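Examination of the molecular architecture
Each chain, written out:
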Amino acid sequence: MWEVFISDPFLNCDKIHPIQQKKVKALLDNLDMTHVLKVEIFGSSITTSCNTWSDVDVYITLDQCVGHLITKYLPYEFDIWTNYTVDTGLYDEIKKHCVVVAEMNHKRTGRRNN
C-alpha cells in the first residue's frame, strides 16, 4: 500500500500508485455514474512499475451499454474497458489483479458483473 496524496481519497486510494491517484480521482469525479456498477483499476497503476508516462487502465461494469461515460475532457490518458467491450482473455487478466475504486449499490443486469 502507498501513502495517499490527494485531499479527498476514493475507495482503496492507498492501493493506487501515488502518481495515478490524482488521475483516478479526476476520472471518478467526471464519470457519468448513471449506469456504472463498479470501477476497477488494473495494470501498472497498481504496481511499482508505474511511472509518469503510465496511462490508467480502467475496467467499468455497467448495467447497460452506453456511449459516453466521461462528462468532460480530462488531460490524462485512460484505457477504458467495460463488460460490453472486453474479451474473455483480457477480462480474466483484469480480474486476477485489479483494485475496486468505486462500487454502486443498484440492480446488476449487465453481461459480466463480477
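The text that follows walks through the structure, step by step, so that each part is easy to find.

Cut-off values and rules
- Residues numbered from 1 in each chain as written.
- Predicted model: local features only at pLDDT ≥ 70, side-chain atom pairs only at ≥ 80, totals over all residues.
- Heavy atoms only, no water.
- Salt bridge = Lys/Arg side-chain N within 4 Å of Asp/Glu carboxyl O.
- Helix = DSSP H or I, 4+ residues; strand = E, 2+ residues; numbered from the N terminus.
- Buried < 20%, exposed > 50% of the residue type's maximum accessible area, 1.4 Å probe, protein only.
- Core = buried A, V, L, I, M, F, W, Y, C linked by side-chain atoms within 4.5 Å.
- Expected span 1.5 Å × (residues − 1).
- Contact = heavy atoms within 4.5 Å.

**Regarding the pattern of salt bridges**
Working definition: two side chains of opposite charge can pair if their charged atoms are close together. Counted by the stated rule, this structure contains five salt bridges. Salt-bridge contacts for Asp8 lead to Lys25; the nearest nitrogen and oxygen are separated by 3.2 Å. Here Asp8 is found in the segment before helix H1 (18-29), whereas its partner Lys25 is found in helix H1, with 17 residues between them in sequence. With relative accessibility at 17%, the residue Lys25 sits in the buried group. Here Lys38 and Glu103 are joined by a salt bridge, their closest N and O atoms 3.8 Å apart. Taken together, the residues span a long stretch of sequence, with Lys38 in strand S1 (residues 36-42) and Glu103 in strand S4 (residues 98-103) at a distance of 65 residues.

**Here we look at the nonpolar core**
Ranked by size, the top nonpolar core spans 23 residues in total, and within it Val39 and Val101 carry the most contacts. Going through the elements one at a time, H1, S1, strand S2 (56-62) and S4 are the ones with two or more residues in this core. Counting residues in hydrophobic clusters, the runner-up holds five residues, among them Phe42, Tyr59, Val86 and Ile94.

**Describing H1**
The first and last C-alpha atoms of H1 sit 17 Å apart over 12 residues, in line with the 16 Å expected at 1.5 Å per residue. Buried within H1 are the following residues: Gln20, Gln21, Lys23, Val24, Lys25, Ala26, Leu27 and Leu28. In this fold, the buried residues of H1 make contact with S1, S2, strand S3 (78-82) and S4.

**What about unusual backbone geometry?**
For Asn12, which is not a glycine, the phi torsion comes out positive at approximately 60°. Of note, Asn12 is situated in the segment before H1.

**A short note on the environment of Tyr73**
Its location among the elements puts Tyr73 in the loop between S2 and S3. Looking at Tyr73, the relative accessible area reads 69%, which means it is exposed. For the pair Tyr73 and Val4, spaced 69 residues apart in sequence, the C-alpha to C-alpha distance is 25 Å.

On their own, these measurements won't tell you what the molecule is for.
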